[in-house]
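Here are the chains, one letter per residue:
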Amino acid sequence: MSAIIMDGRAVAKAWKEKLAEQVAQKKRMGVTPHLAVVLVGENPASQVYVRNKENACHKAGIRSTVIRLDETCAQEELENVVRALNADDSVHGILVQLPLPGHLDEARVLALINPDKDVDGFHAMNSGRLMNGQPRFVPCTPLGVMKLLEAYDIPVEGKHAVVIGRSNIVGKPMAMLLLAQNATVTICHSRTQNLDEITRQADILVAAVGKPGFVKPSMVKPGAVVIDVGINRVDGKIVGDVAPEAAEVAGFLTPVPGGVGQMTIAMLLANTLEAAQ
Ligand code: GUN
């Protein structure tokens, strides 16, 4: 068997085109959706992500402002930037690029973002709403995964979905979204025992581990839908968390690059437009 490769790039392109039309409509009504991105320090991966977000905003007609702060910036300086963006009525969405340098208190910064401008969906108000079944802003990567499943007409209800990874950015919200669609959800992590046994039961397997090639073909149930959220740099190349050979076992597989990553950006645009509504 050879998996159907899920073309995140194509699905994201359709989303971006539809969103660009909605942005244009919003602009005709006198409002230009505006995303502010705060980037602290020189993390090379973060620099690339932020540049990609800026370019995507530009293409969609969304205004973007990037505030760059020095690696050594003090907690108070960063918090004052967030406070100023909260108070700025021209800014609809605020995103603080993670990870922050180690000396900064990430949780405090995220808690300070106005939940109505929290296009990342990382504020406790928004994660709580997702958990309660009244979602507002949903984290972009897991939301993108759901939209990709939808685009391929992949049923979720009643299926066993296994998520490897329990981060606030991907694993936990991913599990909540799958649960909201009536999947039976298992969350696995670095301390899970008999991991392979569990992943082999997955109809839908989501890998958000951050380890290149972590999911081996032997961990995949034949015909399963395998979603690779990993973005790992190996010898200058971007690779996922799923070994490419898993394509011989899976029924569907997202490639890296060209899979989930593109959907993440499309969902950020969608959340920014939503924030401007
Ligand atoms: N770092 C890695 N992924 C993300 C994301 O989705 N949002 C933010 N703010 N930082 C990230």
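Parameters at a glance
- Residues numbered from 1 in each chain as written.
- Predicted model: local features only at pLDDT ≥ 70, side-chain atom pairs only at ≥ 80, totals over all residues.
- Heavy atoms only, no water.
- Near = heavy atom within 4 Å.
- Polar contact = N/O pair within 3.5 Å; in protein donor to acceptor, adjacent residues only side chain to side chain.
- Areas by Shrake-Rupley, 256 points an atom, 1.4 Å probe, with all protein chains shown as cover.
- Nonpolar A, V, L, I, M, F, W, Y, C, P; charged D, E, K, R; others polar.
- Helix = DSSP H or I, 4+ residues; strand = E, 2+ residues; numbered from the N terminus.
- Buried < 20%, exposed > 50% of the residue type's maximum accessible area, 1.4 Å probe, protein only.
- Axes fitted to C-alpha atoms, helices over the stretch in contact; angles between N-to-C directions.
- Parallel < 35°, antiparallel > 145°, perpendicular 65-115°, else oblique.
- Left-handed = near helix turned anticlockwise from the far one by under 90°.
- Contact = heavy atoms within 4.5 Å.
- Phe/Tyr/Trp six-rings, centres within 6.5 Å; stacked < 30°, edge-to-face > 60°.
- Lys NZ or Arg CZ within 6 Å of the ring centre and 35° of its normal.
- Salt bridge = Lys/Arg side-chain N within 4 Å of Asp/Glu carboxyl O.
- Pairing = 2+ DSSP bridges.

Looking at the ligand, the residues that line it are Leu-95, Val-96, Gln-97, Leu-98, Asp-120 and Phe-122. In this structure, Gln-97 approaches the ligand through a side-chain N or O atom, which is 3.3 Å from a nitrogen atom. The side chain of Asp-120 places a nitrogen or oxygen atom 2.6 Å from a nitrogen atom of the ligand. When the free accessible area of the ligand is taken as 280 Å², the share hidden by the protein chains comes to 83%. For the shell around the ligand, the residue count by class is 4 nonpolar, 1 polar and 1 charged.

A few words on unusual backbone geometry. For the peptide bond that leads from Leu-98 to Pro-99, omega is 0 degrees, which places it in the cis range. You can see Pro-99 is positioned in the loop between β4 (93–96) and α4 (106–112). Here Val-256 and Pro-257 are connected by a cis peptide whose omega angle stands at -5 degrees. Of note, Asn-182 is a non-glycine position whose phi angle comes to about 70 degrees, a positive value. Along the chain, Asn-182 falls in the loop between α7 (171–180) and β6 (184–188). Residue class for Asn-182 comes out partly exposed when judged on its relative accessible area of 46%. The phi torsion at Asn-194 lies on the positive side, around 55 degrees, for a residue other than glycine. Summarising the element assignment, Asn-194 is placed in the loop between β6 and α8 (195–199).

What follows concerns the packing of helix α1 (residues 8–28) against helix α9 (residues 260–276). Put simply, α1 and α9 touch, their axes get as near as 8 Å, and they point 20 degrees apart. Put simply, α1 runs roughly parallel to α9. As for how α1 packs across α9, the hand of that crossing is left-handed. Seen from α1, the contacting residues are Gly-8, Arg-9, Val-11, Ala-12, Trp-15, Lys-16, Leu-19, Gln-22, Val-23 and Lys-26; seen from α9, they are Gln-262, Met-263, Ile-265, Ala-266, Met-267, Leu-269, Ala-270, Leu-273 and Ala-276. Residues that form the contact of α1 with α9 fall into these classes: 13 nonpolar, 3 polar and 3 charged.

Summed over the entire model, instances satisfying the criterion amount to 1 aromatic pair. Consider the rings of Tyr-152 and Phe-252, whose centres lie 6.3 Å apart with planes at 75 degrees: the pair is edge-to-face. With a gap of 100 residues between them, Tyr-152 in the loop between α6 (140–151) and β5 (160–164) and Phe-252 in strand β11 (residues 252–253) connect regions that are remote in the sequence. When the ring centre of Trp-15 is taken as reference, the NZ or CZ atom of Lys-18 above it lies at 4.0 Å.

Below, the discussion takes up the packing of helix α2 (residues 44–60) against α9. α9 packs onto α2 with a crossing angle of 55 degrees between their chain directions and a minimal axis gap of 10 Å. With respect to each other, α2 and α9 are oriented oblique. For the pair α2 and α9, the crossing hand works out as right-handed. Taking contact as the criterion, the partners of Asn-52, Lys-53, Ala-56, Cys-57 and Ala-60 in α2 are, on α9, Ile-265, Leu-268 and Leu-269.

Next up on the list: the pattern of salt bridges. The final tally for this structure, using the stated rule, is 6 salt bridges. With a shortest N-O distance of 3.5 Å, Arg-83 and Glu-79 are connected by a salt bridge. Pair noted here: Arg-83 and Glu-79 are both in helix α3 (residues 75–87), with a separation of 4 residues, about one helical turn. The exposure class assigned to Arg-83 is partly exposed, which follows from its relative accessible area of 39%. When its relative accessible area of 4% is taken as the criterion, Glu-79 is described as buried. Among the charged side chains, a salt-bridge network with shared partners connects Glu-79, Arg-83 and Arg-108.

Now for the sheet that holds β5. Spatial ordering of the open sheet is given by β1-β11-β8-β7-β5-β6, a layout of 6 strands whose pairing is parallel. The open sheet has two edge strands, β1 (4–5) and β6, and neither has a second partner. Pairing of β5 with strand β7 (residues 204–207) involves 4 bridges; the strand directions are parallel. Bridge pairing in β7 places Ile-164 opposite Ala-207. Of the strands in this sheet, β5, β6 and β7 touch α7, which is tilted by about 170 degrees from β5.

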